[in-house]
Structure formats: structure tokens, C-alpha cells
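# Examination of the molecular architecture
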Amino acid sequence: MRTTKDAPAPTIAEHKAAIQRENRRVTSYDVALVAGVSQSAVSRCFKPGASVSKHTYARVMKAADGLEYIPNAAARSLITRRSNMVAVIISNAANLFYPEALSELSKHVARGGKRVLLFTLHKESELDLVLNDVWQYQVDGVIAAATLSEAQVAEFERRRVPLVIFNRNLRGQAANTVACDQYEAGRALVSRLAAAGHRVFGMIDGAQDNAVASERRRGACERLAELGLPEAVIVRGNFDYASGKLGLREIIARSGGRVPDAVICGSDVMAIGCLDCARHELGLAVPAQLSVAGFDAVEASNWLSYNLTTLRHPMQQMTAAAAELLYSLIDNPGGAAEKRMFAPQFVEGATARLVALPPAAVSLAA
């Protein structure tokens, strides 16, 4: 829409006053009228990466700022047939790893002009219920930090909704995946502790239906068997502080009162609970009498009171890869599924007795 000599463009103040008298919202039509450009030009100015001249952009932005115009995302989605929303499904939000992951994912997703719509799971078995909500929002894609069944993955394909599995390894399934190798993480922790002389292990496991906990436990147990060491005393935890405290007491009780050489906890939060119980309730010297190790390297694990021995996910690389892969699927659907696997990074900390290894000898693949 362009004004003519007979109908000059109103000033920003004049048109803003008219809108206020009509008691309505500012639209792209109003911006176009004041800027003297077409409505499509206004739309292009608010679309990332669209082609528009500097002169037109300046005129539109001046009019939009003056009129206090805010683009209507819902209306834009009707035109583009995209919601500009990405669903992120996170399991076990109590684990401090996931708020950090969510923050990084949101940052990388926003760089592509989209926004995150968060869905949380108390248990991974609740996934079907959450997916029913996801379909209603008609999101452009999904990043799921949860374990999906073959039927659930197939439903994404049927609905043509791009899917990236985050921090899960769906063995035997063709799904786009970005994950840290949890199996090797479990093996790595046992290898380093065993190399330092630990022989009797306890393990505070994660939630029963959690695939990450299962992979870590499997890696640790298989490595113990390979080394000819006794089976670990394994108790169930729930990734929270309380189960870390209770877990240590249960391990000792099931061992006839004997304190193990080392306790591997399925998360840093449980490791902190285990550590506090050992030091402040049981009076154990850590790491002289008991080594404690966790997973995830969340922020609290680095606090001076804890300084945990743990394994860190390369968070920034993983979240950037997940967002990049999802945008690629949105723009170019189809093709073979891609798996990007990242190695965990060992953090020595001060809660475990460790033998110092030269840099060339440190390997997470035992």
C-alpha cells in the first residue's frame, strides 16, 4: 500500500492519536500507511534474513517505534505456516543438569528466530500424555530429553514434525540424536577409581525409568566385571539430595555396616547428598575413608564446600549441535537419521582418591 499525492501519509503522532480514539491495537497496516510502504515490506522488515533495503527498513522501524507496534506472531504463523516455536521436552526437572541445559538450548534456538515451549515430565512413562499437548501447539520441531519408543518416533514421522533426541541414545532406532556417551561415562569413572586402588563399590542409581541412569549403571557394572572386582551394591535413587543421603546409609546397611571404598552416584545432586551424609552425619573422612563421585558437573559441584569428582557433559557443544540439527531438519526434512555422540570430560575434584595420570594416559574409553 502506498500513499498518493492526494492522500499524503499521516504523521506518526496523527495516526497514533487516531488509533487511540478508535481504541484498537496497532497493526502492520498502520505501520505501512505511516511509512508509505506496502504491508509486505513491513512483514519482511520483521522477518529474520528477509531481503529489504536499508532505506525501507529505516522508514518502517521509525514508524513502528513511533506507533509502538508489536508484530502479531499468531498472524505471522498463518502466513508462513510455521509457529516459530520449538518444543523442548525435559524429563526429571529436579536434576540440576536440565535447567542448565534448557538455558543453553533456549539461547541457541532463539538465534534462529524461534522460541522454546517447555514441557516437563515427572516420569518418562508420562511421555504419551505430554505428546498429546505438543501436537496441539503445532510446533515447528521438538528437542526431547526423554526416551521415546519406536511407536512414538514413528508418530513424529507420520505428523512430519522434526525431532531431535537430546542426551539419550535410542539404541536400534533411526532417530536424530545428540548425546553424551553415558555408557562410556560409567566405564570411565570405574576405571579411574579402580586404578587408584578402590575395590569395593557402592552405587546410588537414578530413577528406574531413566535411560541415562541405566546406561551409566550398565557401563559401570560391565567395567567392574571386566576388572574382576566384586559387584557393586546398588540402591535406587531419584536424582535428588534426599536419595543421596538415604542411599549411602542403605549401602552401608546392606554391606553389614562396612563402608565401601567408593560410592558412584547417578547425579551430582545425589553425590552432594551422599557427601553431606558421610561427612556430617556419619563422621567419615572424604576421600580418606570414602570416595564419592557423581555425574553432570552441575554448577553446585564446583562450589568450594563440595569440589566433586564428576564427569562433565560438553554442554555448549551439545546444545548448539541439537539446535543446529533441528533447524536443518526444519529447512530440509527427510534424509537419513544422524547421531552426534560427545565424550564426557573427567573432573578430578577433591572427593575421590585418584592416581594422577599424565595427559597422554587419560582416556575416557577404558
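Parameters at a glance
Residues numbered from 1 in each chain as written. Predicted model: local features only at pLDDT ≥ 70, side-chain atom pairs only at ≥ 80, totals over all residues. Heavy atoms only, no water. Helix = DSSP H or I, 4+ residues; strand = E, 2+ residues; numbered from the N terminus. Buried < 20%, exposed > 50% of the residue type's maximum accessible area, 1.4 Å probe, protein only. Contact = heavy atoms within 4.5 Å. Lys, Arg positive; Asp, Glu negative; His and termini not counted. Charge placed at Lys NZ, Arg CZ, Asp CG, Glu CD. Pairing = 2+ DSSP bridges. Axes fitted to C-alpha atoms, helices over the stretch in contact; angles between N-to-C directions. Phe/Tyr/Trp six-rings, centres within 6.5 Å; stacked < 30°, edge-to-face > 60°. Lys NZ or Arg CZ within 6 Å of the ring centre and 35° of its normal.

Attention now moves to the overall build of the chain. The number of helices and strands found in the chain is 13 helices and 12 strands. When the backbone C-alpha atoms are referred to their principal axes, the chain occupies close to 95 × 40 × 40 Å. Counting all 366 residues of the chain, 47% fall into the buried class. A separation threshold of at least 6 residues defines the contact pool for the chain, and within that pool the share at least 24 residues apart is 70%. The averaged location of the 36 negative side-chain charges in the chain is 6 Å from the averaged location of its 41 positive side-chain charges.

With omega at 10 degrees, the peptide bond leading from Val-286 into Pro-287 counts as cis. Considering the arrangement of structural elements, one finds Pro-287 in the loop between α12 (268-281) and β9 (291-293). The phi dihedral of Ala-297 is positive, around 55 degrees, even though this residue is not glycine. The residue Ala-297 is located in the loop between β9 and β10 (310-312) in this model. The backbone phi angle of Asn-307 is positive, close to 50 degrees, even though this residue is not glycine. Its location among the elements puts Asn-307 in the loop between β9 and β10. For Asn-307, a relative accessible area of 30% gives the class partly exposed.

The next point concerns the sheet that holds strand β1 (residues 85-91). If you walk across this open sheet you meet the 6 strands as β2-β1-β3-β4-β5-β11, and the pairing is parallel. The outermost strands of the open sheet, each flanked by one partner alone, are β2 (115-121) and β11 (339-342). Sheet twist, expressed as the average angle between the axes of neighbouring strands with direction ignored, equals 15 degrees. Judged from the 2 bridges that link them, strand β4 (residues 163-166) and strand β5 (residues 177-180) form a sheet pairing that is parallel. Within β5, the residue paired with Ile-165 across the bridge is Thr-177. Against the sheet, helix α13 (residues 315-331) contacts β1, β3 (141-145), β4, β5 and β11, and its axis sits at roughly 165 degrees relative to β4.

Applying the stated criterion across every chain yields a total of 3 aromatic pairs. Aromatic pair Phe-46 and Tyr-69: ring centres 5.4 Å apart, planes at 75 degrees, arrangement edge-to-face. Of the two residues, Phe-46 is situated in the loop between α3 (39-45) and α4 (54-67) and Tyr-69 in the loop between α4 and α5 (73-80); the sequence distance between them amounts to 23 residues. Note on Phe-46: relative accessible area 23%, which makes it partly exposed. Residue classification places Tyr-69 among the buried residues on the basis of a relative accessible area of 14%. A cation sits over an aromatic face here: Arg-192 above Phe-346, 4.7 Å from the ring centre.

A separate point is the sheet that holds strand β6 (residues 201-205). Sheets are built from strands paired through backbone hydrogen bonds, the pairs being either parallel or antiparallel. Taken together, the 4 strands give an open sheet; going across it, the order is β7-β6-β8-β9, and neighbouring strands pair in parallel fashion. The strands lining the two open edges of the sheet, one partner per strand, are β7 (233-236) and β9. Strand-to-strand twist across the sheet, computed as the mean angle between neighbouring axes with direction ignored, equals 15 degrees. For β6 and β7, the ladder comprises 4 bridges, and the chain directions are parallel. In the sheet register, Met-203 faces β7, and the bridge partner there is Ile-234.

Shape descriptors only; they carry no functional weight alone.
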